[in-house]
Amino acid sequence: MSRFSEPQDPLFQALNSSISFDFRLAPYDLAQSLAHARMLCHSKIIGADDLAEIERGLAQIRAEVDEDRFEIKPDDEDVHMAIERRLTEIVGDAGARLHTARSRNDQVATDVAMLVRAHSLTGIQHLKRLMGTLVEVAEAHLDWPMPGYTHLQRAQPVYLSHHLLAYFWKFRRDLQRFNFCLTATDDLPLGAGALAGVNFDTSRMFVAQELGFAGISENSLDAVSNRDFVLDYLSAAATCATHLSQLGAEIVLWSSEEFGFCEVADRFASGSSLMPQKKNPDAAELLRAKAPRVTGRLVTLHGVLHGLPLTYNKDLQEDKEQLFDAIDTVELCLEVANEMLATIAFDRERLAGAASDEFLAATDVADLLVKRGIPFREAHGVVAGVVRGAVERGKTLSELTQEELGELAPDLDSEYYELLREGAWLESKVSEGGTALARVRDQLGQARHILEEG
Ligand code: ARG
């Protein structure tokens, strides 16, 4: 019997069906069904013979899924119905008993939480590998000077190692964000039923333990309407993709003829169909371009959830495509970034040439005056005048004659020329977190410690 007097309209089916994308949840749905069936038997809601049959059927379906020969039927609206339909085909009545004390509402929330947990762990693994590569590449280029930039204008020189390690800390925070997603998926939704709980004395902790959840959700209404863990994953993924896009953008710039700071390995570049000389850093460009897509997934889900009355609404089905696409995008980008960085070649001379621009020492000249008791704001003005004087004369700072210098800045003397000659503007950055080699070595030590800690 059916509640309905006519079959579903094919147009409605096209809109409503989620099997084309949610079949990806099958491994989690199978694991969950197994745990649920065991609990039903443990709680004496089904018999041991039924459990044995369900176990046999689920094992067979698992093999069909693993070997890619599970057959989806036209009436299978979603992965949950497809698996239940197949189970009943294989084991009959026992299969039809599986859905006792369970609803697709708590079922789907559980599957998605399990998937988020698994992919948060994958994200953490990928990030650890990338952070390890950053440490290695930084170590290999420990004392290579390069310009540091603000506003994409040369600002102060830094070591390439210091610049690369900046990304280590960004990715470390991403790792912490993915770690938080593990906490966000600690509570098992299953057992909440459709929304209000179920009419059986089930043991939710039994299922939680079988599936590796730390505890159970305390409120059945919250359990079936909660998608916070998807938002948390998407948020972590969006921030991570944004960091990858910044890295990608820098590699694109640095690979240009104008910068000439680095060259990506051939296997991460492509040629032009027209211009034979071209080698394009496409991988880095795509890292740059993918971030808004992931952020879009986050914004979309916020849109879906906002204003949604409790509890389950079909709107919630829209979480999956957002989540799956973000997972696929960010995981691929993380792997590409790691390989691309591991194989990139930096050009020491080009970097050093750009870093030896004397104007990068302007702050150091100002600090020379500060050390003599002149207030920084005033010293800043004096040196700005010297820079301007040099630019107007078409000279570098050290090319200014003593006479010219005397006119521009009477307080500056031979120490000025010494400072410029020594070129020690990196090693003077001795403050904690600064670019002086000793500080970068400390930083590397910290980074290694974090990686070893796991
Ligand atoms: N495919 C559905 C989803 O992804 C499963 C839950 C269906 N529940 C319902 N009450 N129709 O959200």
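Before going into details, it helps to say that this report is about the structure given with it.

About the criteria used
- Residues numbered from 1 in each chain as written.
- Predicted model: local features only at pLDDT ≥ 70, side-chain atom pairs only at ≥ 80, totals over all residues.
- Heavy atoms only, no water.
- Near = heavy atom within 4 Å.
- Polar contact = N/O pair within 3.5 Å; in protein donor to acceptor, adjacent residues only side chain to side chain.
- Areas by Shrake-Rupley, 256 points an atom, 1.4 Å probe, with all protein chains shown as cover.
- Helix = DSSP H or I, 4+ residues; strand = E, 2+ residues; numbered from the N terminus.
- Nonpolar A, V, L, I, M, F, W, Y, C, P; charged D, E, K, R; others polar.
- Buried < 20%, exposed > 50% of the residue type's maximum accessible area, 1.4 Å probe, protein only.
- Contact = heavy atoms within 4.5 Å.
- Pairing = 2+ DSSP bridges.

**A few points about the site of the ligand**
Working step 1: Around the ligand, the neighbouring residues are Ser 18, Asp 22, Asp 78, His 80, Arg 104, Asn 105, Val 108, Tyr 312, Gln 317 and Lys 320.
Working step 2: Between Tyr 312 and the ligand, the recorded distance is 2.4 Å, taken from a side-chain N or O atom to an oxygen atom.
Working step 3: Interatomic distance of 2.8 Å between a side-chain N/O atom of Gln 317 and a nitrogen atom of the ligand.
Working step 4: Relative to its free-state accessible area of 340 Å², the ligand is covered by the protein chains to the extent of 86%.
Working step 5: A per-element tally of the shell around the ligand places helix H7 (residues 104–140) first, with three residues.
Working step 6: Class assignment for the residues of the shell around the ligand results in two nonpolar, four polar and four charged.

**Topic: the side chain of Lys 320**
Working step 1: Among the secondary structure elements, Lys 320 is positioned in helix H13 (residues 319–342).
Working step 2: Using a relative accessible area of 3% as the deciding quantity, one classes Lys 320 as buried.
Working step 3: When near neighbours in sequence (up to four residues on either side) are disregarded, Lys 320 contacts Phe 21, Asp 22, Leu 25, Val 108 and Val 112.

**Section: the environment of Asn 280**
Working step 1: Mapping Asn 280 onto the fold places it in the loop between strand E5 (262–263) and helix H12 (282–305).
Working step 2: Through-space distance from the C-alpha of Asn 280 to that of Thr 295 is 26 Å; in sequence the pair is 15 residues apart.
Working step 3: Other than its neighbours up to four places away in sequence, Asn 280 contacts Phe 268, Ala 269, Ser 270, Gly 271, Ser 272 and Glu 285.

**A few points about the pairing of strand E2 (residues 153–159)**
Working step 1: Taken together, the six bridges between strand E1 (residues 145–150) and E2 define a ladder with antiparallel strand orientation. In the sheet register, Tyr 149 faces E2, and the bridge partner there is Arg 154.
Working step 2: Connecting E1 to the antiparallel partner E2 that follows it, the hairpin turn spans two residues, and His 151 within it adopts a positive phi of roughly 55°.

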